Structures are given as C-alpha cells and as structure tokens.
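Take a look at the letters that make up each chain.
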Number of protein chains: 2
Amino acid sequence: MKELAIGIDIGGTNTQFGFVDREGNIVSTGKVSTQTHEDIKLYFKDLYEGISSLQERLGDKYSVVGVGVGAPNGNFYKGTVEHAPNLRWKGIIHFVDEFKQFWDVPTVLTNDANAAAIGEMMYGGARKMKDFIEITLGTGLGSGFVVNGQLVYGNDGFAGELGHTVVNPYGRICGCGRRGCLETYASATGIKRTVYKFLADITEPSELRGVSFDNLSAKMITEAAERGDRVALEAFEYTGRVLGQKLADAVAITSPEAIFLFGGLALSGDYIFEPTKRNMEENMLNIFKDKVKLLPSELQNDNAAVLGASALVWKELDKVSKTKIKL
Amino acid sequence: MKELAIGIDIGGTNTQFGFVDREGNIVSTGKVSTQTHEDIKLYFKDLYEGISSLQERLGDKYSVVGVGVGAPNGNFYKGTVEHAPNLRWKGIIHFVDEFKQFWDVPTVLTNDANAAAIGEMMYGGARKMKDFIEITLGTGLGSGFVVNGQLVYGNDGFAGELGHTVVNPYGRICGCGRRGCLETYASATGIKRTVYKFLADITEPSELRGVSFDNLSAKMITEAAERGDRVALEAFEYTGRVLGQKLADAVAITSPEAIFLFGGLALSGDYIFEPTKRNMEENMLNIFKDKVKLLPSELQNDNAAVLGASALVWKELDKVSKTKIKL
C-alpha cells in the first residue's frame with residue numbers, strides 16, 4: 001500500500017488540496033471554496049467531504065499518513081490560524097482541532113510561506129541546502145527561514161515575518177496597521193502601489209494609465225515592461241531596490257546559501273530578479289558579497305502550495321522517527 | 001581529575017583567557033597583549049606560554065578538554081579571524097590552525113557575540129531558552145541568534161550581523177564602509193556620535209560640552225543622564241528609538257523568547273532599557289507585542305567573554321556526544 005500525505009492550502013478564495021506521495025508526485029487534487037463559507041463548521045464539513053470523495057476514488061492501494069496545512073497566519077505549535085486579514089473568519093481558528101473532529105489523522109499546520117520553504121527543501125531548489133530563505137511574493141510578502149536544515153518557527157510559532165520588517169517608518173500604510181512594511185513595496189500589491197505612485201509622480205506616457213487600480217495585476221505590469229513601458233520598468237527597479245536592501249539585511253542575520261523567490265511576482269523573471277540581485281549585492285556587508293544566490297523557486301507553481309503543505313507531513317514524520325516526538 | 005575548558009577572548013587591546021569548569025566556575029585567568037604584537041607568530045607564542053604557565057600552576061588535578069575562542073569577525077566553520085577592523089593583523093588569520101601548532105587540543109572559534117550567546121545559554125539568563133538573541137553593545141554592536149537551541153552560524157559561519165543591518169542608507173558612515181548601519185547608532189561609539197550630534201543640533205547646556213570626543217565614554221554619558229543632563233537623556237532616547245525599531249524587525253524574523261543586552265552600554269540600565277523596550281513594542285507587529293522579554297545579560301561582566309568562549313567547548317562536546325561529529 002503506497003503512503004500518501006494530504007496537502008491543504010488555504011487561500012482567501014479557495015482551499016486547494018491534494019494527495020501527494022513522498023517523492024512529490026501529486027496523485028489527485030481538488031478544491032472547495034474558502035470565501036463563500038461564512039460558517040466555519042460548514043467549511044470544515046465541505047473540506048472533509050471533498051477530501052473523502054477524492055480518497056474513495058483512489059481506492060485501497062493508498063494509505064494516508066497525515067495532513068499538512070499551509071494557511072495565512074498559521075501557527076505551527078498551536079495548529080491555529082490567527083487573525084488572518086484575507087480570510088472571512090476573524091480571531092483565532094483552531095484549525096487542527098476542528099479538522100480532527102472530522103478525521104483523526106496526524107495533522108500539522110504552518111503558515112503558507114513556511115510550507116513553501118519546506119516544499120523547496122524537499123522537492124525544489126533547496127534539496128541539498130541547510131540554510132536558505134524562501135520569499136513568497138503574492139498579495140503580501142511571506143517568508144520562511146531555514147537554519148541548520150530546520151524551519152525557524154521561533155518561540156511562539158510565528159517567526160519569518162520578513163514582510164513586516166520596516167523599510168521606512170513614515171512610509172506606506174500596511175494591512176497590519178503600521179507603516180512602511182516591506183510587503184507594502186515588494187509584493188504583487190506593492191508593485192501596483194508603486195506603479196500608481198509613478199503615474200502620479202512623473203508625466204511619462206504609459207499604457208498603465210488606462211488601467212484602474214482594481215484591474216491592475218503584476219502580470220500586466222510585466223507585460224507592459226516587456227513592451228518597454230517606462231513606468232512599468234521604473235516600478236520594477238524601485239521594487240528591486242527596496243527588496244534588495246532588505247534581503248541584504250536578512251542575509252546579515254541568517255547568512256543563507258540562497259534566497260528563493262516564489263509566487264506571482266517572481267514569475268516576472270529578470271524584471272524583478274535583476275534589480276533585486278543588484279541592489280542586494282550593493283547593500284551587502286563585505287563578508288557576504290557574491291556569496292548568496294538569488295533563485296527562482298523550483299516548485300511548479302500550479303500545485304506548489306499543496307505540494308509544500310504535503311511536504312510538512314513527511315518532514316514531521318522524519319522528525320518523529322529521529323526524535324520520538326509525537327506528531 | 002576535573003575537566004576544564006579554556007576560554008580565550010581576543011580583544012583589540014588584550015587577549016584574556018581562563019580555565020573554566022563545566023559549571024562555569026572560573027578557576028584561573030590571565031592575559032597577554034593583543035595590540036603590541038605586530039608579529040602574529042610572537043603573539044601565538046606568548047599566548048601559548050601564558051596559558052601553559054597557568055596550567056602548570058594548576059597542577060595534575062585538572063585536565064583540559066578543549067579551547068574555545070571568541071574573536072571579532074571569527075568564523076566558526078573555518079576557525080579564522082577575517083578582516084577584523086580592530087585588530088592589527090590584516091586579512092585572514094587562521095587562528096585555530098596556528099594555535100594548534102603550539103598545542104594540539106580540540107579548538108573551536110566563533111565571533112565574540114556568538115560566544116556571549118552560548119555563555120548566556122549555558123550560564124546566564126537563557127539557560128532554559130531555545131530561541132533568543134544576544135546583543136553585545138560595545139565599540140560596535142554584535143549579535144548571536146539562537147534558534148531551536150542552536151546558534152545560527154549560517155551557510156558561511158558569519159551569521160548574526162544585526163549591527164550591520166541598515167537603519168538609514170543615507171545615514172552615518174560605518175567602519176564596514178557602508179552607511180547607516182545599526183551599530184553606528186546603537187553601541188558605545190554610536191551613543192557618543194549621538195551626543196555629538198545633539199551638541200551640534202541643540203543649544204541646551206550640557207556637562208558633555210566640556211568633553212572631547214576621544215575622552216567621552218558611555219559611562220560618562222550615563223553619569224550625566226543620572227544628573228539630569230538633557231543632552232545625555234536625549235541621546236539615550238534616540239539610541240533606544242533606533243535600537244528598539246531594529247529589534248522589532250529582528251523579532252519578526254526569528255520570534256525569540258527574549259533579547260539580552262550585554263556589554264558596556266547595557267550597564268546603563270533603565271537609561272538604555274526603557275526607551276529601547278518602549279520603541280521595540282511600539283514598532284512590533286501585532287502578533288509579537290508584549291511577548292518578547294528585553295533583559296540584561298546575566299553573565300558577570302568582568303570575565304563574561306572568557307566564560308562565553310569556554311562555554312563553546314562544552315557546547316561542542318555535547319554535540320559530539322549526540323551526533324558523533326568530530327570536534
């Protein structure tokens with residue numbers, strides 16, 4: 001009987017899940033809506049039924065060893081999702097406890113960027129690395145720090161909030177209630193804000209002048225840059241400058257072998273990598289210069305989040321077999 | 001026969017050493033000059049002779065299990081001291097290799113702030129902690145990050161350079177050749193620079209107007225503050241603001257249980273702790289607020305550096321006994 005882990009990725013719109021083997025092959029996937037479920041009990045019921053029906057179709061030749069969950073503001077130690085700004089459910093959701101009422105299998109949860117980091121370590125570009133940083137550039141900026149081959153959870157399970165280190169204490173208002181956080185500049189939303197800043201500040205013609213803030217996407221900015229649009233190009237330069245400066249700071253703290261960029265904005269390729277790398281090197285303390293690789297994530301983007309969440313299960317099982325800690 | 005570790009702390013002026021037992025009792029100490037030895041071979045000879053003569057006096061009832069060295073810009077993996085601005089020897093010093101030519105005992109080296117962190121973990125306030133940050137406030141600002149009970153060395157052995165994360169890219173010139181590094185504000189030298197900034201910026205009378213930059217010390221600034229000197233008090237407020245902001249950033253990355261302040265400036269007590277703590281909390285991401293302790297180091301200051309360096313030996317011996325890695 002082949003062992004499988006279930007990976008669940010909770011997004012603001014949908015929750016995706018998949019059955020994944022230890023080698024990272026995704027056997028089967030499904031999804032349920034996150035957004036339309038105001039009643040969390042109904043959400044858990046739907047999620048469980050979605051997973052069960054998938055499992056039934058898989059039949060007897062597979063057994064499920066555990067469930068890994070990646071969630072915004074997920075807490076590894078407590079199995080909770082706490083005050084996630086992009087989810088409908090407010091306050092603290094005891095995800096693991098709730099889920100176990102439906103299905104009592106070993107279940108482990110962490111935030112989505114940490115799940116991506118573990119996925120990178122097991123199946124992506126960090127397979128042979130012990131020290132690296134995973135940066136997810138989506139609606140916000142998430143990060144997972146790996147040190148000595150272990151994910152950094154910190155004392156309370158919330159470590160890795162590079163997106164909420166401060167670029168400028170008088171800068172842009174952040175969803176967290178403060179100002180000038182890195183993610184207000186370096187994320188899909190951040191670069192949109194930067195485009196709008198440049199549309200206001202300079203007079204250069206730009207195809208982006210015809211697009212509303214709501215309709216603007218990182219992909220459209222990339223496409224405009226490909227066509228030589230000055231505002232789009234300047235926005236990438238600015239984003240890379242801010243991100244590069246803060247990555248140089250992060251390097252000074254954990255001295256990683258590599259930094260991986262993952263998620264929507266990372267798909268912009270050289271437009272984001274070139275200015276980020278250049279500014280990172282320019283701002284780096286001497287002893288770290290030309291040592292740290294800046295790489296695109298090697299996780300396939302469509303199912304990357306599910307893959308990362310499932311990787312959490314194997315990672316914990318490996319810990320158990322090494323240290324006899326109960327999953 | 002009682003087992004002892006030798007701790008060596010390399011400072012710009014003197015190199016101090018001591019024989020320390022596993023419980024942290026310092027049995028015997030000595031020192032040699034660092035500064036007067038232009039020829040490094042002679043320095044090693046003197047250091048070895050100093051240690052040997054101490055060992056002879058201790059007699060047969062002790063055995064030495066290893067040597068731990070704390071050094072500026074020390075590299076744990078390579079046993080080197082690299083481009084240390086405050087030492088006479090330029091370039092890369094292969095300290096461990098050189099020292100072993102005199103005495104072939106297990107020898108391990110790291111930077112001085114990392115050594116202080118390990119000392120704090122074995123003998124100080126971090127005895128029961130798995131996640132904390134040690135900040136040394138001396139001529140510069142050093143830091144040692146402990147995660148999951150392990151010191152963070154990073155991929156190249158140079159992790160933990162919080163002092164060289166950037167407060168303001170257009171700010172004060174730093175000894176590292178860049179601008180605006182945290183240590184140009186938050187260190188014994190940093191607060192001196194701040195006092196001089198305020199002496200220039202404001203017209204308030206101050207007893208510090210009679211002191212030259214070279215003669216000014218952190219201790220004098222503390223004493224002036226105790227007498228209600230406005231410039232001294234403002235300098236502490238400013239230092240605490242900058243340090244508190246950057247500690248909030250560090251918390252967002254590793255989420256420690258506590259941050260320890262060690263070294264000269266930390267002895268200023270509430271003058272430095274109160275504004276630092278207040279600004280740290282004000283700048284903290286919501287999920288971390290009121291969780292992280294800011295504490296004075298519990299290492300006795302006179303021999304703290306030697307104690308920390310010796311702790312490195314026991315720490316490595318413990319690793320060896322757990323994982324069979326050769327010291």
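It should be emphasised that the depicted structure is a prediction, and the values quoted were computed from it without experimental measurement. (Residues numbered from 1 in each chain as written. Chains lettered and ligands numbered in written order. Predicted model: local features only at pLDDT ≥ 70, side-chain atom pairs only at ≥ 80, totals over all residues.)

Student: Go over the overall build of chain A with me, naming the residues and quoting the values.
Tutor: Scanning chain A from N- to C-terminus turns up eight helices and 13 strands. Whereas a compact globule of 327 residues would reach a radius of gyration of roughly 20 Å, chain A reaches 20 Å, a difference of no more than 12%. If you take every contact in chain A between residues at least 6 apart in sequence, the share linking residues at least 24 apart comes to 64%. (Helix = DSSP H or I, 4+ residues; strand = E, 2+ residues; numbered from the N terminus. Rg over C-alpha atoms; globule rule 2.2 N^0.38 Å. Contact = placed C-beta atoms within 7 Å.)

Student: Go over the domain arrangement of chain A with me, naming the residues and quoting the values.
Tutor: Residues and elements named next belong to chain A. Entries for chain A in the domain assignment read domain 1 (2-117 + 302-323) and domain 2 (128-296). Between domain 1 and domain 2, the C-alpha centre-to-centre distance is 27 Å. Each partner contributes residues to the interface: domain 1 has 13 residues there, and domain 2 has 14 residues. Top contributing element to the side of domain 1 that touches domain 2 by residue count: helix H3 (residues 112-123), with five residues. The residue makeup of the side of domain 1 that touches domain 2, split by class, is seven nonpolar, four polar and two charged. (Domains from an automatic or database assignment. Nonpolar A, V, L, I, M, F, W, Y, C, P; charged D, E, K, R; others polar.)

Student: How would you sum up the interface of chain B and chain A? Please name residues and give values.
Tutor: Listed by partner, the interface residues are 36 residues for chain B and 36 residues for chain A. Elements supplying a minimum of two residues to the side of chain B that touches chain A: strand S10 (141-147) and helix H6 (230-254) of chain B. The leading source of residues in the side of chain B that touches chain A is H6 of chain B, at six residues. When its residues are assigned to classes, the side of chain B that touches chain A shows 16 nonpolar, 13 polar and seven charged.

Student: Summarise the environment of isoleucine 133 of chain A; cite the residues concerned and give the values.
Tutor: Residue and element names in this part refer to chain A. Within the secondary structure, isoleucine 133 is located in strand S9 (residues 132-137). Note on isoleucine 133: 30 C-beta atoms within 10 Å, which makes it buried. Placed 13 residues apart in sequence, isoleucine 133 and valine 146 show a C-alpha to C-alpha distance of 6.1 Å. What isoleucine 133 contacts, discounting residues up to four positions off in sequence, is Ser143, Phe145, Ala250, Thr254, Pro256 and Ile259. (Buried ≥ 20, exposed ≤ 12 C-beta atoms within 10 Å, placed from the backbone.)

Student: A description of the sheet that holds strand S8 (residues 107-111) of chain B should follow, citing residues and the corresponding values.
Tutor: All names here are of chain B. The strand order across the open sheet built from five strands is S3-S2-S1-S4-S8, with neighbouring strands paired in mixed fashion. Looking along the sheet, the strands with just one partner apiece sit at the ends: strand S3 (26-33) and S8. Neighbouring strand axes in the sheet, compared pairwise and without regard to direction, differ in orientation by 20 degrees on average. Both strand S1 (residues 2-10) and strand S2 (residues 14-20) contribute to a ladder of six bridges, which runs antiparallel. What sits directly across from isoleucine 8, in S2, is phenylalanine 17. Where helix H2 (residues 95-102) meets the sheet, its contacts fall on strand S4 (62-71) and S8, and the angle it forms with S8 comes to roughly 150 degrees. (Pairing = 2+ DSSP bridges. Axes fitted to C-alpha atoms, helices over the stretch in contact; angles between N-to-C directions.)

Student: An account of the sheet that holds strand S11 (residues 150-151) of chain A is needed here, citing residue identities and associated values.
Tutor: All names here are of chain A. In spatial order, the strands read S11-S10-S9-S12-S13; together these five strands make up an open sheet with mixed pairing. The open sheet terminates on both sides in strands that have one partner only, identified here as S11 and strand S13 (293-296). The pairing of strand S12 (residues 258-262) with S13 spans four bridges and is parallel. From the neighbouring strand, alanine 258 faces S13, where its bridge partner is lysine 293.

Student: Describe unusual backbone geometry, listing the residues and the values that go with them.
Tutor: A positive phi angle, close to 50 degrees, is found at histidine 83 of chain A, a residue other than glycine. As for its position among the elements, histidine 83 of chain A is in the loop between strand S6 (80-82) and strand S7 (92-93).

Student: Can you tell me about H3 of chain A, naming the residues and giving the values?
Tutor: Structural remark: α-helix, 3.6 residues per turn; residues separated by three or four positions point the same way. Residues and elements named next belong to chain A. If you check H3, its first and last C-alpha atoms are 16 Å apart, about what twelve residues at 1.5 Å a residue would give, namely 16 Å. Among the twelve residues in H3, twelve count as buried, and that is most of the element. Those residues of H3 that sit buried are Asp112, Ala113, Asn114, Ala115, Ala116, Ala117, Ile118, Gly119, Glu120, Met121, Met122 and Tyr123. (Expected span 1.5 Å × (residues − 1).)

Student: Tell me about the nonpolar core, and name the residues and values.
Tutor: In this structure, Val195 and Ala232 of chain A together with Ala232 of chain B are the most contacted members of the largest nonpolar core, which totals 199 residues. The residues touching alanine 232 of chain B, leaving out its near neighbours within four places in the chain, are Val195, Leu208, Ile221, Ala224 and Ala225 of chain B. (Core = buried A, V, L, I, M, F, W, Y, C linked by C-beta atoms within 7 Å.)

Student: Lay out the packing of helix H6 (residues 230-254) of chain A against helix H7 (residues 270-282) of chain A in plain terms, naming residues and giving numbers.
Tutor: All names here are of chain A. The contact between H6 and H7 brings their axes to 7 Å, and the two run at 45 degrees. It follows from the interaxial angle that H6 and H7 lie oblique. Judged by the sense of rotation from one axis to the other, the crossing of H6 with H7 is right-handed. Contacts between H6 and H7 involve Phe236, Glu237, Thr239, Gly240, Arg241, Leu243, Gly244, Gln245, Leu247 and Ala248 from the former and Tyr271, Ile272, Pro275, Thr276, Lys277, Arg278, Asn279 and Met280 from the latter. A class-by-class count of the residues in the contact of H6 with H7 yields eight nonpolar, six polar and four charged. (Parallel < 35°, antiparallel > 145°, perpendicular 65-115°, else oblique. Left-handed = near helix turned anticlockwise from the far one by under 90°.)

Student: Would you mind going over the relation of the copies chain B and chain A in detail, with residue names and values included?
Tutor: Overlaying chain B with chain A gives an RMSD of 0.0 Å, the required rotation being 180 degrees about an axis along which the chain moves by 0.0 Å. Considering both components of the superposition, the chain copies are consistent with a two-fold axis. Using C-alpha coordinates, one finds that chain B approaches the rotation axis most closely at valine 147 of chain B, a distance of 4.0 Å. A high fraction, 100%, of the interface residues of chain B reappear at the interface in chain A, so the copies pair face to face through one surface. (Least-squares fit on C-alpha atoms with pLDDT ≥ 70 in both.)

Student: Give a detailed account of the pairing of S8 of chain B, specifying residues and quantitative values.
Tutor: Residue and element names in this part refer to chain B. A large share of S8 lies buried, amounting to five of its five residues. One ladder, built from five bridges, connects S4 with S8; its direction is parallel. Of the residues in S8, the one forming a bridge with glycine 70 is threonine 110.

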